[in-house]
Amino acid sequence: MAEFMYDLDMFDDGTSAPQPIPVKEEKPKRKLRVLDDTPQVRREKLRISEKKDYRRTFAIVACSLVMAAIVVSFVSLGAYINCVEHDIAETQAELDIARSQNTILNIKKDSMISFDEIRKVAEEKGMIQRDRYQVTYFDLSDEDYGVVNPEG
């Protein structure tokens, strides 16, 4: 039988096995406390509070300006829309008046022309009404058509 030699050194600690990375514990941050209230410390506190006040004031003013711009734009657009709607209403009223006048004029025109008056005027001029035998009807099919001579 053959002898086998196994190299088990590679399984030793630190050779091929991954080592867990130790997690560093974070220390809690401590607030810096100043025990002495010196004039320098007071000035620095005042400067920091003034800086915060300026930021707040600027933010409030900027928001106010934006809101005012939005309100002004809504009001001006509303006024513009109102003006355009007023113009549309005026034009619509003019159109309604023109349509009613057109209807009145058409009625007057139709009342001025009557077939009895036309017959009476035609008889005065010596015209007579045609009889049935004088009327000739033509049956035109789709294949019949005329061509106009462009030369004259």
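Look up: the structure comes first, before these words.
Residues numbered from 1 in each chain as written. Predicted model: local features only at pLDDT ≥ 70, side-chain atom pairs only at ≥ 80, totals over all residues. Heavy atoms only, no water.

Asker: If you had to explain the overall build of the protein to someone new, which residues and values would you point to?
Answerer: Assigned secondary structure in the protein consists of 2 helices and 0 strands. Looking at the protein as a whole, 1% of its 152 residues qualify as buried. Accessible area of the protein: about 16,600 Å², with a carbon and sulfur share of 60%. (Helix = DSSP H or I, 4+ residues; strand = E, 2+ residues; numbered from the N terminus. Buried < 20%, exposed > 50% of the residue type's maximum accessible area, 1.4 Å probe, protein only. Areas by Shrake-Rupley, 256 points an atom, 1.4 Å probe, with all protein chains shown as cover.)

Asker: How would you sum up a nonpolar patch on the surface? Please name residues and give values.
Answerer: A contiguous nonpolar patch, built from V66, M67, I70 and F74 and spanning about 430 Å² of accessible area, is present on the exposed surface. Structurally, I70 can be placed in helix α1 (residues 39-112). (Patch = residues over 30% accessible without salt bridge, like charges linked within 9 Å, V, L, I, M, F, W, Y side chains within 5 Å. Salt bridge = Lys/Arg side-chain N within 4 Å of Asp/Glu carboxyl O.)

Asker: Tell me about the pattern of salt bridges, residues and numbers included.
Answerer: Considering all chains together, one arrives at 3 salt bridges under this definition. A salt bridge links E44 to R47, with the nearest nitrogen and oxygen atoms 2.5 Å apart. With E44 and R47 both in helix α1, this residue pair falls 3 residues apart, about one helical turn. R47 gets classed as partly exposed once you look at its relative accessible area, which sits at 42%.

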